[in-house]
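# Structural overview for review
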Amino acid sequence: MELSPIGARLAGLSGLRSIMEDVASCTAGAAQDEWLNLSVGNPAPIREARDMWHEVLSTALAQEFDRASCRYGPSRGSAALVEAIADYFHRAYGWDLGTDDIVVGPGSQMVCFAAAALFSGPGPAGMRKVVLPLVPDYTGYQGMCMHEDGIAGVAPRIETEGAHRFRYALDLDGLARQQDIGMLLISSPGNPTGRSIDRADLDGLVALAEERDVPLFIDHAYGAPFPRIAEVGAEPVLHKNVVNCFSVSKAGLPGERIGFAIGAPQYIGALAAVMSNSVLHAPQLSQAAVALALRSGRLDEVTRDAISPYYRRKKEFMEELLADRMPSDVSWRSHAGAGGMFSWVWVDHPWFVDMELYRRLKEKRVFVVPGRHFFVDAPSGPLPDSHATRCFRMSLSAPEKVIIAGVERVADTLREMRDEALRP
């Protein structure tokens, strides 16, 4: 079988996807407590969120089944959900939205995939790229580009805080030097770090998008107004060059694949056309349930009272655990921030390599995610060349006993790697 160049890219496995397949293969048929899996990207099973979604899905099934599930619907999204989105964002932010400003898709990742197809690739002026303004960022973005060299990342500046904390800072000057921007794409708060752009960052990104006449896609899957699982530096803004993407996945409904985008009609209309030509429309029963959750205020309530506090506590728990269990004579730092689904750790030693940590931990029945998969190629500029391979990600969604045991094995493995490197 011979694939087209685009087909070869789409059929290939990203680095992280290969890791996830390795995890699935190793854990298949294993007892529940046989592996300590700190690699998962699933949101935590928060009871209040589960109960809320069960309730609204049951109501949608009882009231909307014939209309939602037994006929096709609009590619832009069901009238009920589009109207509920417009009403919600008017109440939350004062936005005056029309039907042409909103599109619903099967998850925000599909919306971003459609955007990459629309705004990147070869053209009369050369290759236009999806540019990630601040790496590391969500590794799934790298699989969206259908053309070789279709994605570029901008390395951040590193700001250290005390002995064991650091944070990445947006390098707007480095971003401005990019000459081949087709679209800007950033998750805020981000995966894997939980870092959030602040108002100054947002203003700088918007100004550059306006100057280059390109769309700035901001993926709020972890952010405001829901599920707010990490500290939010800047609330969403409505601007002619900004497309805001939202999702209910991290708010407790990842399996139903519902996301939506809000932006100028010139961008939203093109995205709606892609939905029509590819998936026809997102699942309609789930759309009915999301409309109910928005209109009733239940989603806001669960976000405020259950989801945000849960991840804030887990982040604090992980930071205390790292401070207590990690070897004091190893130069390690965790990315600062409140909340988030992950802990992002940087081990700044020549003897540390992320894939070697992965291999050794796998022998000890522990899974983490190597850091290199969150960077586009080798970062340059403010970052050391080795930085991408000296980081790793751990999930906060696992039960506390799993996190404790996993971190202890990580700490033991770092001591082993250090001792072997120092051995004469």
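Everything below is about the structure printed above this text.
Residues numbered from 1 in each chain as written. Predicted model: local features only at pLDDT ≥ 70, side-chain atom pairs only at ≥ 80, totals over all residues. Heavy atoms only, no water.

## Focus on the nonpolar core
Note on soluble globular proteins: their nonpolar side chains tend to be buried together. In this structure, Leu185, Leu216, Phe217 and Leu271 are the most contacted members of the largest nonpolar core, which totals 61 residues. Of all the elements, helix H5 (residues 108-119) adds the most residues to this core, at 7 residues. In this structure, Leu253, Ile262, Val290 and Phe342 belong to the second largest nonpolar core, which totals 44 residues. (Core = buried A, V, L, I, M, F, W, Y, C linked by side-chain atoms within 4.5 Å. Buried < 20%, exposed > 50% of the residue type's maximum accessible area, 1.4 Å probe, protein only. Helix = DSSP H or I, 4+ residues; strand = E, 2+ residues; numbered from the N terminus.)

## Thoughts on the packing of aromatic side chains
What characterises a pair of aromatic rings is the spacing of the ring centres plus the angle enclosed by the ring planes. Applying the stated criterion across every chain, the model contains 20 aromatic pairs. Measuring from ring centre to ring centre gives 4.9 Å for Phe89 and Phe246, while their planes differ by 50°; the resulting arrangement is tilted. In this pair, Phe89 sits in helix H4 (residues 79-93) while Phe246 sits in strand E10 (residues 242-247), placing the two residues 157 residues apart along the sequence. Note on Phe89: relative accessible area 0%, which makes it buried. Where Tyr138 meets Tyr141, the ring centres are 5.1 Å apart and the plane angle is 85°; that geometry is what we call edge-to-face. Tyr138 sits in the partly exposed class, given a relative accessible area of 23%. In this structure Tyr141 comes out as buried when scored by relative accessible area, which is 1%. (Phe/Tyr/Trp six-rings, centres within 6.5 Å; stacked < 30°, edge-to-face > 60°.)

## A short note on the pattern of salt bridges
Pairing of side chains with opposite charge becomes possible as their charged atoms draw close. Across all of its chains, the model carries 32 salt bridges by this definition. Put simply, Lys240 and Glu210 hold a salt bridge, and the shortest N to O gap is 3.6 Å. Note that Lys240 is positioned in the loop between strand E9 (216-219) and E10 and Glu210 in helix H7 (residues 199-212), a separation of 30 residues in sequence. Among the residues examined, Glu210 registers a relative accessible area of 39% and is labelled partly exposed. Across the salt bridge formed by Asp412 and Arg415, the nearest N and O atoms sit 3.0 Å from each other. Taken as a pair, Asp412 and Arg415 lie in helix H12 (residues 400-422) at a separation of 3 residues, close to a single helical turn. Overlapping salt bridges, with partners in common, bring together Glu356, Arg359, Arg360, Glu363 and Glu420 in one network. (Salt bridge = Lys/Arg side-chain N within 4 Å of Asp/Glu carboxyl O.)

## Here's the deal with H7
Counting along an α-helix, one turn takes 3.6 residues, and residues three or four places apart therefore face a common direction. Taking 1.5 Å as the rise per residue, H7 with 14 residues should run 20 Å; its terminal C-alpha atoms sit 20 Å apart, in good agreement. Residues Asp201, Leu202, Gly204, Leu205, Val206, Leu208 and Ala209 constitute the buried set of H7. Positive phi appears at Asp213, one or two residues downstream of H7, with a value of about 60°. (Expected span 1.5 Å × (residues − 1).)

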